[in-house]
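Structural characterization, general
The lines below spell out each chain.
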Amino acid sequence: MDRTTIDLWVGIFVALGVAALLGLAMKVGNLTSSKIGDTYAVTAAFENIGGLKPNAPVKSAGVVVGRVADIKFDSKAYEAVVTIKIDERYNFPKDTFANIYTAGLLGEQYVGLEAGGDDAVLKNGDKITQTQDAVVLEKMISQFLYNKASETKSEDGAGKTAAKEDAKADSGSAKSTELGDPPF
Amino acid sequence: MFNSIFTTITRFLSNLGRRMIERMWRLGAGARLFFLTLVYSGESFRRFHLTLREVYFTGVMSLLIIIVSAFFVGMVLALQGYNTLQKYGSSEAIGVLVALSLVRELGPVVTALLFAGRAGTAITAEIGLMKATEQLSAMEMMAVNPIARVIAPRFWAGVIAMPILAALFSMVGVLGGYLVAVPLIGVDDGAFWSQMQANVDFRDDVVNGVIKSLAFGVVCTMIALFEGFDAPPTAEGVSHATTRTVVISSLSVLGLDFVLTSFMLVV
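Attention here is on the structure that accompanies the text. Numbering of residues starts from 1 in every chain and runs along the sequence as written. By the order in which they are written, chains take letters starting at A while ligands take numbers starting at 1. In keeping with the predicted nature of the model, local features appear solely for residues at pLDDT of at least 70, side-chain atom pairs appear and are counted solely at 80 or more, and the whole-chain, interface and lining totals rest on all residues.

Moving on, we get to the overall build of chain B. Summing up its helical and strand segments, chain B has 10 helices and zero strands in all. Here the C-beta atoms are placed from the backbone, and a residue counts as buried if at least 20 other C-beta atoms lie within 10 Å of its own, exposed if 12 or fewer do, and partly exposed otherwise. Burial statistics for chain B: of 267 residues in total, 43% are counted as buried. Placing a C-beta atom from the backbone of each residue, one calls two residues in contact when those atoms lie within 7 Å. Taking the contacts inside chain B whose residues are at least 6 apart along the sequence as the reference set, 86% of them involve residues at least 24 apart. Working definition: helices are DSSP H or I runs of at least four residues, strands are E runs of at least two. Numbering for both runs from the N terminus.

So this is what it looks like as C-alpha cells:
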C-alpha cells in the first residue's frame, strides 16, 4: 500500500473520529448551553427535600437559572439546608419563594423560584426564608384517603349516592376508580 | 486405598500450583513487555509513518464493521426502548436512553469487543507468524529492536484508533436510534434531541466514555501483542494464541468496564 494513500485514509479516519466526538459533545451532550458563568450562592431551608440531589436545576418560570450546589442537614433545626448557585445575570427579590417541584409525575426534582415584590435583591450568602417542601407522594395519597374516609363517614348515605351518580356521569368519558376522582 | 487418595490430592494440588505459576509468569511477562514497549516507543513517534500504517490496518480497516454494527445497535436500542418506555407514556425519553447507553456503556465496550475480534486477532496472528518464521530473530540479528520496530507502533496505533472508533460507534448509534425513533416510530423530533441534550453531560458521560475506550485500547492491543509475541512458533501455537487473544481481551474488557464504571460513579 502506497504511503500517501495510507496517510490519506488515516487522515480521513482521524477527522471522522474528531467529528464524531464533536458531534457527541455538541449535539448529544449539549456542551454549549449547559455552562453557567459566574454565580452567587444563596441558601434555603426545607423541612423535606424529597429526592432533590446536588446539581439539580434551579428554574424560574421554567428557565434554568442555576444549579443546586450542596445539600446539608442542620442537626439543630432538623432541616435540610440547600445551597443553590444562581447565575449572576439574574437577580431575585429578597422575598423570593423557593419550592421543590417534580418534573412530570415520576421525573427528577428541581427547585422552582417564584419572585416576590421586594425591592432589595438576594446577594451571595443570603437565605431564602419562604420555602415549600417537596410533595411526597405517599403523604399526599394517605392524606387524600384520610380525607375521603372522613367525608364518607360524615355524609354517609347522601355522600354515597352522590358518588354513585358521579361515577355514572363519568363512566362514559373517564374511568372512575374506587378512590374517586383524582385530586388534580 | 489411603495412599491412592493421597496421591490424587497431591496431583490435583500440584496441577493447580503449576497452572497458577504459569498464569503469574505470563502476567509478569506481559507486564514486562508492556513496560519495554513504553520504553522503546520513541521510534514509533520519531518515524510516525510506522504508526500511521498500523492505524490504517487496525483503525481504518475496522471502520466498516464498527459503523454497521453501531447503526444496528442504535436502531435496536431505540426499538426496544420504545417498547418499554411507551408503557409509561414517556416515549420522548427514547433519545436519552439511546444516547446514554451508547455513550456511557455500549460505545466503548462493544467497540472493544469488535476491535478484539477484528484487529486483535490480526495483530496476534501477524506477530505470531513473524515469530514462527523467525523474522523477529532476524531483526535482532540486524541490530533492529523488534519491540521498537514491530510491537510499539502497533501498540500506539491501537491506543489511537480505539477512542476514535468508540466515538464513531456512539455517534452512528445515536443516528441509527434517531432514524428508528423519529421517522419510523414517530417520536417528536425536537423532544428527541432536547431531552437527550438535557440529560447527557459532557464531562460525566462523554469524557468518561472516552476514558473507558482509551483504557480498553491499551488493554486489548497489549493482550493481542503479548499473545502474538509469546505464541509457540508453530501453526498450532499461533492458532491457540489467536483464540486466547479474543477470550482474554473480551473478559478483561468486561471486567475492567465494571471496575472503571464503579470508580467513575464514586466521584
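Further remarks concern the overall build of chain A. On a plain count of helices and strands, chain A comes out with three helices and eight strands. In sequence order, chain A lays out its α and β elements as α-β-β-β-β-β-β-β-β-α-α. Across the 184 residues in chain A, those meeting the buried criterion constitute 18%.

Our next topic: the interface of chain A and chain B. When the parts of a complex come together, some accessible area is lost, and that lost area is often used as the size of the interface. On the chain B side, the residues contacting the 18 residues of chain A number 23 residues. Each residue receives one of three labels: charged for Asp, Glu, Lys and Arg, nonpolar for Ala, Val, Leu, Ile, Met, Phe, Trp, Tyr, Cys and Pro, and polar for the others, Gly being one of them. Of the residues that constitute the side of chain A that touches chain B, the class distribution is 12 nonpolar, four polar and two charged.

Residue and element names in this part refer to chain B. Relative to the elements of secondary structure, L97 occurs in helix α5 (residues 94-132). Considering only alpha carbons, one finds L97 and L85, 12 residues apart in sequence, at a separation of 9.5 Å. Ignoring sequence-local partners within four residues, the contact set of L97 consists of L77, G81 and L85.

The next thing to look at is the pairing of strand β6 (residues 109-114) of chain A. Residues and elements named next belong to chain A. Should DSSP find at least two bridges between two strands, the strands are regarded as paired. Pairing of strand β2 (residues 57-60) with β6 involves two bridges; the strand directions are parallel. Among the inter-strand pairings, V58 is bridged to a residue of β6, identified as V111. Alignment of strand β5 (residues 97-102) against β6, held across six bridges, turns out to be antiparallel. Residue pairing across strands places T102 opposite Q109, the latter belonging to β6.

It is worth spelling out the sheet that holds β6(A) at this point. All names here are of chain A. Pairing in this open sheet of eight strands is mixed, and the strands run β7-β1-β4-β3-β2-β6-β5-β8 from one edge to the other. In this open sheet, the two strands that pair with only one neighbour each are β7 (127-128) and β8 (130-132). In this sheet, β7 lies alongside strand β1 (residues 39-46) in parallel orientation, the contact comprising two bridges. Across the sheet, A44 pairs through a bridge with I128, a residue of β7.

Looking now at the nonpolar core. When buried Ala, Val, Leu, Ile, Met, Phe, Trp, Tyr and Cys residues are joined through C-beta atoms within 7 Å, the set is termed a nonpolar core. Residues I94(B), A99(B), L165(B), A167(B), L168(B), C220(B) and L225(B) are the most contacted members of the largest nonpolar core, which totals 79 residues. Going through the elements one at a time, α1 (3-28) of chain A together with α3 (48-58), α4 (63-85), α5, α7 (146-185), α8 (189-199), α9 (202-230) and α10 (235-266) of chain B are the ones with two or more residues in this core. The residues touching A99(B), leaving out its near neighbours within four places in the chain, are V28(A), V174(B), M196(B) and V200(B). In terms of nonpolar packing, the next biggest core, distinct from the first, is built from 21 residues, V42(A), V58(A), I100(A) and A134(A) among them.

Across eight bridges, β1(A) lies against strand β4 (residues 79-87) of chain A in antiparallel orientation. Bridged to T43(A) within β4(A) is T83(A).

Relative placement of two packed helices is described by the angle separating their axes and the distance separating the axes. All names here are of chain B. Put simply, α5 and α8 touch, their axes get as near as 7 Å, and they point 50° apart. Classed by the angle they form, the pair α5 and α8 counts as oblique. The chirality of how α5 crosses α8 is right-handed. Only F192, W193, Q195, M196 and N199 of α8 make contact with α5, whose side of the interface consists of I94, G95, V96, A99 and L100. Looking at the contact of α5 with α8, its residues break down into seven nonpolar, three polar and no charged. Fitted lines through C-alpha atoms serve as axes, helices being fitted only where they are in contact, and the angles separating the N-to-C directions of these axes extend from 0 to 180 degrees. Orientation labels follow simple angle bins: below 35 degrees gives roughly parallel, above 145 gives roughly antiparallel, 65 to 115 gives roughly perpendicular, and whatever is left gives oblique. Two helices cross in a left-handed way if the nearer one is turned anticlockwise from the farther one by less than a right angle. They cross in a right-handed way if the turn is clockwise.

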